[in-house]
Every structure is written in structure tokens, then in C-alpha cells.
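The lines below spell out each chain.
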Amino acid sequence: MSYHVNEKGYYGEFGGAFIPEMLYPNTEELRQNYLQIMAEPSFQEEFHQLLRDYVGRPTPLYYAARMSEKYQTKIYLKREDLCHTGAHKVNNTIGQILMAKKLGKNRIIAETGAGQHGVATATVCALMGIECVVYMGEIDIARQAPNVARMKMLGAEVRPALSGSRTLKDATNEAIRDWINNPVDTHYIIGSVVGPHPYPDMVARFQSVISEEIKSQLLEKEGREHPDYVVACVGGGSNAAGAYYHFLDSPEVGIIAVEAAGKGIDTGESAATSALGKVGIIHGSKTLLMQTPDGQITEPYSISAGLDYPGVGPLHAHLFASGRGEFISITDDDAMKAGLKLCQLEGIIPAIESSHGLAIFEQRKFKPEDVVVMNLSGRGDKDLQNYIDYFNL
Amino acid sequence: MNRIKSKLQEDKKLLSIYFTAGFPNLDDTVSIIQELENNGVDMIEIGLPFSDPLADGPTIQDSSTAALHNGMHTELLFDQLKDIRQSVSIPLIIMGYFNPVFQYGVEAFCKRCAELGIDGLILPDLPLDVYEEEYKHIFEKYGLINVFLITPQTSDARIRQIDDVSDGFIYMVSSASTTGAKKGFGAEQQAYFDRIARMELKNPQIVGFGISNQETFAQATQQAKGAIIGSAFIKHLRENGPEKIDGFVKGIR
Ligand SMILES: Cc1ncc(COP(=O)(O)O)c(C=O)c1O
């Protein structure tokens, strides 16, 4: 059994392209070309050169000695927080901007929630001198002011999404509507392993550099390519998909997905899609999503803006439904504490998204000889105000 | 015979109107349908509101948000329509997004539609291949017509494929856009209308998106069998409530 996408764009029963006909030519053009373009030597060369010289890859695989001591197991941190712009998101935007150029597009659109993907998109558009429009929910614009300023400095236009609940899902709707209205010259850089086929697969492939590096780095440090566990937080699921990618079909590697429980799974203020979601259609993909019994998509909640998406990528829905992945949800409080603990034990201030992943060591026991790789998806600079408010710093 | 099919055989250009169920008021559904029929409208698309209407512009989005806020939901719409065939005889189509139908259960949804006298469905985000493989037999079992969209970007080959699977009419989206009134049709639209007319498809076409007045209706139906008005009617309802529908319809033809 393979956990990768099949030729029709499905992961088990999940995935596909549930899009209005207006988007068919756009996604079809991408579907027919993405694998071929990605396989071109000139593409690979430029992609890897930019990842090395511009993003700063490979990111270190760091043995966290004091954390390992505390939790009595071997913990490695994959330092995506050290990427240019502060998170893994840029791996995908570098790949997609090169894809857009190969497809002859001269205008980029993107959605963003917390602003991390928006900043990563604005960054690569500045790098390539391409026009960039980022949709962001009106409410998120108000609560993520520094990232809005960053995008503007980088030359992007930030357009408020005024519809629906005015957050990430609505920003995604607006980006999709823009694409319907501009089907020829525009490429949509989606920010996670979500959306219609081939996006989940394409984004996972761009992010798969994370697990490719883990393999060779672990070989050097532990004399083996395969860890016992890979842990990652899951919003839409892109950093997780990248960290799992080369281990998906290796059953000896345990896959742990960490979702945001918000104030608690049963409080009505949560973003734990695997626990609360049902199969349905969101943003063109058949996957697990949070919705009313009537099929209206509901608004999730998490202290971490990067995790409050009401769905999850179809790969993750499949990992959950098939039992291949172990899904754990972590509350706001536990995540915040785990974030502070990492600061104190290792001198690293993590993004609150990543703090959710770190929190599992308080809840789940590992054997002393286990090698656990935790994907530290981003740094905490963007979350400083949240940390200040939470801890009264 | 399915009411849509017999309507399509009438020797006239068809005027079809879309409105969002539950807007402007929760209980306007039946009276709006009756008023539209009384004023000579040929066919009606009843919008089942959805939280995330991807293919819609601001006007229909806002009406959907308002309708959901008013308390509209699938079972309630079915309940409102339970006696509709005692007073209304023109074709009725439910238009909505796939997720609410999927949650209701596609078979259960189709069955209910058939019981109520609904003649067809338009679900823009239910893709052609999935329909054919998983749901076509259910639609057929309940005598429901499934309507597919084409756009100016749709290739001839794909249009032929859609024409093959369709058994009623093809919803011809006027331009590459979400729903909402445009400033009229230009040369690009005319070229598209001409291209489709030349293809001599098996199914008649009804044009939608951007039809708002007499002029755009006339232009769209020069070659196509009919046209659908959505956003312009929603605006009328927003400004007038469920009143003066006669005036609105007379302004179109
Ligand atoms: C640092 C960081 N980690 C994780 C995420 C969640 O996204 P994904 O699940 O696609 O990795 C985000 C999203 O903004 C992020 O900024």
C-alpha cells in the first residue's frame, strides 16, 4: 500500500478536484505539466540553488540534548525555523514561483491566515519581479499587523477578504475567485497541501526536501536513515507532509500528527480536524473538515493562526483514516507552555504552531533508545505579542 | 417527460431566474416562486445557500450569508417546497454546492427532490468524472437532470464531452468570472457565443452570469435557447423585498 497520491489525484478516498468548471482549465494545465516541469534538470537546478543560497538549506538537524535528557528519549529538531522568512512555507513558494515562470504566468495570487505564507509568497515575487496579490481575512489583517507590513514592504498588495467569517478559509475563497476571474495570466500559489489536485501533491513534493535532508543527516548522526518517529504540527499539513514524505511507505517510521485542540476538543473552540471533522468538500478537495450536520463549513479556533484551518490536506485525512498516522491534539495552554520550555531548555523561540508539536513530549512516552525527529516548522518572532500577552512578559 | 425537457421544446427564448432560498426573508421561498411563474418566467433556479460559495461574486455571497443567518437549511427548504407542485408548473431546479448535498446523502437528496417535483440540479463543484462514475445512475433513477457548466475557456473537446453526458441543457457561463452583473457583453463574448453556436451541440444552451437587463438578455439569447438572471434579481430583492417582481420581469422582456 502506498500513501502517495494515485494517478487520479486521490489518497485513498480523499483528494480529487471538486472545482467549478471555471477552474478546470487552470488546474488541468497545472496537472498536465507539473511533474514534467519538476523533473526538468534546469528546474531542479534552479530550485536547489535557491533553496541553498537564498533560503539557507539544508537546515540543521539538531540533537536537542537537554530536551532529550528531560524527556528520556533522543530528540532531534529539524530547524525549519532557520529558513529565510522564518518558516518552512518558503520551500513551497520558491518551487511554485519557478513553476509559475515555466507556465508563462506573470501574476501571482495567494491566501494567507497568519501571514507566514503571504510573506513567503511576497518574498519570492519580489525576488522574481512578479506582481503579487495576497488575500487575507479582514479579521486576520487586524490581528497580524507586522506580517501585513512585511508583505507591503516586499511590494505585495494585501487585499482584505470581506466575505463569510473573514479569516483564512474566506481568504482562500477570495483567491480562488480571483483565479476564476483571471484564468490565463495568473498562477495561484496555495500555501499548504490543500486545494484541488494537483496542489496537495505538488506542495508535498516541494516540501519533501525536509525529509530528504532528515534522511542523510540522520545517517550521519545515528548511522541510519530512518527515525523511529517523525512529529509535526498540522494546519493544512504542508510542513508535516514534507517531514513525512520519504518515510510514508516505511512502516517502521511512526508518523505523529499534532493538531490544535484550541481551548479543548469539546469546547466548541477548537481546530482539531481529525477529531471533529467529517468527510466533505472544502476548497476543491474531498477531505476531513469541520462542518455543521448540514454541510456548512464552520470556523475553527486556535491560539495559533497557522493551525486554524477547518480542513486538513487529503494526505493527512488518509493517514488518519487508514491508521498510518497517530493523531494527537494539543490545547492552547499546553502549546504555550511547551514553547516556553523550548526557549529555556534549548535557547530556541518556536512559532506557536511548532509549539503544539513540542507539547506531545509531556503527554506521550517514548523509549529511551527511540530516535524522534520533531519538525520545528517556524520561529516565534511573529508570535512575540501572543507570548507577551499570554505570559505577561 | 421531465418538465425541463418539455420547456426546452417550446418555440421561444427562455427566461430563467435564480434566487437564494431564505433571502431576503426565511419564508419567502414559495411566494417568490409563485410570483416569478405568474409573471411569465420559464424556469427557476432555487439556490440552496452555502457558507463558502466559491463561484459566486459578492451579491450572491451576501444573499447566501443572509439566508444562512436567517436559518435556512436543507431540510427546511424541502419542507417549504412540500406543496409547491400544487401551485407551480414551470421547471424547478435546485442550485447549490456539492458539500451540503453530500452531507444529506446524494441518494436521499435526489429522492427528496423527485418526491417534491424538482426537475434538476446544478452543482458547479461536482466534477464531470465523479458524476459519471458515482452519481449518474442515482440522478437517472430519480429522473433528475444534472446541468453542467461551460465557460469561454472550456476547450471544444471538453465541451463535446460535457454535451455527451448532458441530457437537458448546458449552462453557458458568459465570461471567465464569478457571478455578478457585468457592464454588458463585448466582442470577446460575442465570439464565444458564435463559437458555441457553430458547434451545433446536441443540448440547447442557456447563458448565465452577467445578464442583468433587456439588452444583455437579448444579446445572450440571440443564438442560445435562453438566459439566467441571478445577481440582478438578488439586488432587486435586496432593494425591494419580495415585491414588485412583476416590474422586474417586465423590464427584461
Ligand atoms: C510556522 C508554521 N508552522 C505550521 C503552519 C501550519 O501550516 P502547515 O500545516 O501547512 O504546515 C504554519 C502556517 O502558517 C506556520 O506558519
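All residue numbers refer to position in the chain's written sequence, counted from 1. Key to labels: chains lettered from A, ligands numbered from 1, both in the order written. This being a predicted model, a pLDDT of at least 70 is required before a residue's local features are given, and a value of 80 or more before pairs of side-chain atoms are given or counted; all residues contribute to the totals for chains, interfaces and linings. Think of the side-chain values as coming from all heavy atoms in the structure, minus any hydrogens and water.

Caption draft 1: Spotlight on the overall build of chain B. Only DSSP runs of H or I reaching four residues or more are called helices, and only runs of E reaching two or more are called strands; each is numbered from the N terminus. For chain B, the count of helices and strands is 13 helices and 9 strands. Put simply, the radius of gyration uses C-alpha atoms, and a globule should come to 2.2 Å times the residue count raised to 0.38. The globule rule puts the C-alpha radius of gyration for 253 residues at 18 Å, and the 17 Å found for chain B is close to it. Structurally, chain B occupies a C-alpha span of about 45 × 40 × 35 Å along its principal axes. Exposure categories follow from relative accessible area, calculated using a 1.4 Å probe and restricted to protein chains: below 20% of the type maximum is buried, above 50% is exposed, and the middle band is partly exposed. With 253 residues in all, chain B has 61% of them scored as buried. Any two residues having at least one pair of non-hydrogen atoms within 4.5 Å are treated as being in contact. Considering only intrachain contacts with a sequence separation of at least 6, the fraction spanning at least 24 residues in chain B is 76%. If you sum the accessible surface of chain B, you get close to 9,400 Å²; carbon and sulfur atoms cover 46% of it. Across chain B, 24 positive and 34 negative side-chain charges occur, with their mean positions spaced 4 Å apart. Calculation of accessible area relied on Shrake-Rupley with a 1.4 Å probe; when residues are assessed, cover is drawn exclusively from the protein chains displayed. In this tally, Lys and Arg are treated as positive and Asp and Glu as negative; His is ignored, and so are the chain termini. By convention, charge coordinates are those of NZ in Lys, CZ in Arg, CG in Asp, or CD in Glu.

Caption draft 2: Representation of the overall build of chain A within the structure. Along the backbone of chain A there are 17 helices and 14 strands. Seen through its principal axes, chain A has C-alpha atoms that stretch 55 × 45 × 40 Å. Within the span of chain A, comprising 393 residues, buried residues form 65% of the whole. Carbon and sulfur atoms form 51% of the exposed surface of chain A, whose accessible area is close to 13,500 Å². The distance from the centre of the 36 positive side-chain charges to the centre of the 48 negative ones in chain A is 2 Å.

Caption draft 3: Broad picture of empty space enclosed by the protein. Every definition here rests on a 1 Å grid over the protein atoms only: cavities are sets of points where a 1.4 Å probe fits but cannot get out, pockets are open sets enclosed by protein on both sides within 12 Å along at least five of seven lines, and lining residues have some atom within 4 Å of a point. Grid points are joined across faces, edges and corners, and a volume is the space filled by probe spheres set on the points. Scanning the entire structure with this criterion turns up 8 cavities of 30 Å³ or more. Volume-wise, the largest cavity comes out at about 370 Å³. Around the largest cavity, the lining is made up of 31 residues, and of these A:Lys89, A:Gly191, A:Ser192, A:Gly236 and A:Gly306 lie nearest the centre. Among the elements of the structure, β5 (107–112), α5 (116–128), α8 (168–181) and α11 (238–244) of chain A are those that each provide at least two residues to the lining of the largest cavity. Here the term charged refers only to Asp, Glu, Lys and Arg, the term nonpolar to Ala, Val, Leu, Ile, Met, Phe, Trp, Tyr, Cys and Pro, and the term polar to all other amino acids, Gly among them. Tallied by class, the residues present in the lining of the largest cavity amount to 10 nonpolar, 17 polar and 4 charged. Here the lining of the largest cavity spans two domains, and each of domain 1 (18–50 + 89–203) and domain 2 (56–87 + 208–391) of chain A adds at least three residues to it. By volume, the second largest cavity is sized at about 260 Å³. Lining of the second largest cavity is provided by 26 residues; of these, B:Tyr18, B:Asp56, B:Ile60, B:Met95 and B:Thr179 occupy positions nearest its centre. Residue assignment for the lining of the second largest cavity shows that the elements contributing at least two residues are α3 (58–70), β9 (226–229) and α12 (231–240) of chain B. Residue ranges labeled as domains rest on an automatic or database domain assignment.

Caption draft 4: Representation of a nonpolar patch on the surface in the model. Residues qualify for a patch when their relative accessible area is over 30% and they have no salt bridge, like charges being joined within 9 Å and the nonpolar side chains of Val, Leu, Ile, Met, Phe, Trp and Tyr within 5 Å. Any carboxyl oxygen of Asp or Glu within 4 Å of a side-chain nitrogen of Lys or Arg constitutes a salt bridge here. A grouping of A:Ile349, A:Leu384, A:Ile388 and A:Leu393 is seen on the molecular surface, where their side chains present a nonpolar patch of about 370 Å² in accessible area. Relative accessible area serves as the criterion here: at 31%, A:Ile388 is assigned to the partly exposed category.

Caption draft 5: How the structure looks around the confidence of the model for chain B. Averaged over all residues, the pLDDT of chain B is 96; the fraction at 70 or higher stands at 100%. Taken over the whole predicted complex, pTM reads 0.97, whereas the ipTM for its chain interfaces reads 0.96. Residue-level confidence of the predictor is summarised by pLDDT, bounded by 0 at the bottom and 100 at the top.

Caption draft 6: Quick peek at the pattern of salt bridges. Residues and elements named next belong to chain A. Tallied over the full model, the rule gives 43 salt bridges over all chains. Between Asp 81 and Arg 79 there is a salt bridge, with its nearest N and O atoms 2.9 Å apart. Residue class for Arg 79 comes out buried when judged on its relative accessible area of 12%. In this structure, Lys 263 and Glu 269 form a salt bridge, with 3.5 Å as the shortest nitrogen-oxygen distance. Through salt bridges with shared partners, one network takes in Arg 107, Glu 131, Glu 157, Arg 159 and Asp 178.

Caption draft 7: Broad picture of the domain arrangement of chain A. Residues and elements named next belong to chain A. When its domains are assigned, chain A resolves into domain 1 (18–50 + 89–203) and domain 2 (56–87 + 208–391). On a C-alpha basis, the centroid separation for the pair domain 1 and domain 2 is 23 Å. Buried surface area refers to the total accessible area, computed with a probe of radius 1.4 Å, that the two partners give up upon joining, counted for both partners together. For the pair domain 1 and domain 2, the two sides together bury roughly 2,300 Å², of which 61% comes from carbon and sulfur. Seen at the junction of domain 1 and domain 2, the total is 1 salt bridge. For Asp 308, the salt bridge goes to Arg 143, with nearest N and O atoms at 3.7 Å. Contacts described as polar in this section are N or O atom pairs within 3.5 Å, which, within protein, must combine one atom able to donate a hydrogen with one able to accept it, while residues neighboring in sequence count only if both atoms come from side chains. Our count for the domain 1 to domain 2 interface comes out at 11 residue pairs in polar contact (both at pLDDT 80 or more). Elements with a minimum of two residues in the side of domain 1 that touches domain 2: α4 (89–102), α5, α8 and α9 (199–207). If one sorts the elements of the side of domain 1 that touches domain 2 by residue count, α8 sits on top with 5 residues.

Caption draft 8: Main features of helix α10 (residues 187–199) of chain B. Residue and element names in this part refer to chain B. Expected helix span is given by 1.5 Å per residue-to-residue step, counting one fewer step than there are residues. The end-to-end C-alpha distance of α10 is 19 Å, a good match for the 18 Å that 13 residues give at a rise of 1.5 Å each. Within α10 the residues assigned to the buried category are Gln 189, Tyr 192, Phe 193, Ile 196 and Met 199. An end-on view of α10 places all buried positions within 125° of arc, on one side of the element. Projecting away from the buried face of α10 at angles above 90 degrees are the exposed residues Ala 187 and Arg 198. As for α10, its buried residues are in contact with β6 (149–150), α9 (156–165), β7 (170–173), β8 (205–208) and α11 (214–220). Of the residues flanking the end of α10, it is Glu 200, one or two places downstream, whose phi is positive at about 50°. Comment: arc refers to directions from the helix axis out to C-beta atoms.

Caption draft 9: Layout of the layout of surface pockets. Reported here for the largest pocket is a volume of approximately 490 Å³. Lining the largest pocket we find 27 residues, and of these A:Ala17, A:Tyr24, B:Pro127, B:Asp129 and B:Arg158 sit closest to its centre. Breaking the lining of the largest pocket down by element, the ones donating at least two residues are α1 (24–39) of chain A together with α8 (128–141) and α9 of chain B. Here the lining of the largest pocket takes 4 residues from α1(A), the largest share from any one element. Computed from the structure, the second largest pocket encloses a volume of approximately 380 Å³. A total of 4 residues in the lining of the second largest pocket trace back to one element, the largest contributor, which is helix α17 (residues 384–391) of chain A. Residue-level mapping places the lining of the second largest pocket at the junction of two domains, with at least three residues from each of domain 1 (18–50 + 89–203) and domain 2 (56–87 + 208–391) of chain A.

Caption draft 10: Looking closely at a negative patch on the surface. All names here are of chain B. A cluster of acidic residues, Asp 129, Glu 132, Glu 134 and Asp 164, forms a negative patch on the protein surface. In terms of residues, the negative patch owes the most to one element, α8, which gives 3 residues. Given the relative accessible area of 60%, Asp 164 is considered exposed.

Caption draft 11: Region of interest: unusual backbone geometry. A:Pro58 follows A:Arg57 through a cis peptide bond whose omega is 0°. Its location among the elements puts A:Pro58 in the loop between α2 (41–55) and β3 (61–63). For the peptide bond that leads from B:Phe23 to B:Pro24, omega is 0°, which places it in the cis range. As for its placement among the helices and strands, B:Pro24 is situated in the loop between β1 (14–20) and α2 (29–38). Even without a glycine there, the phi angle at A:Thr85 is positive, about 75°. Tracing the chain through its elements places A:Thr85 in the loop between β4 (74–79) and α4. The phi dihedral of A:His283 falls on the positive side, at around 45°, and the residue is not glycine.

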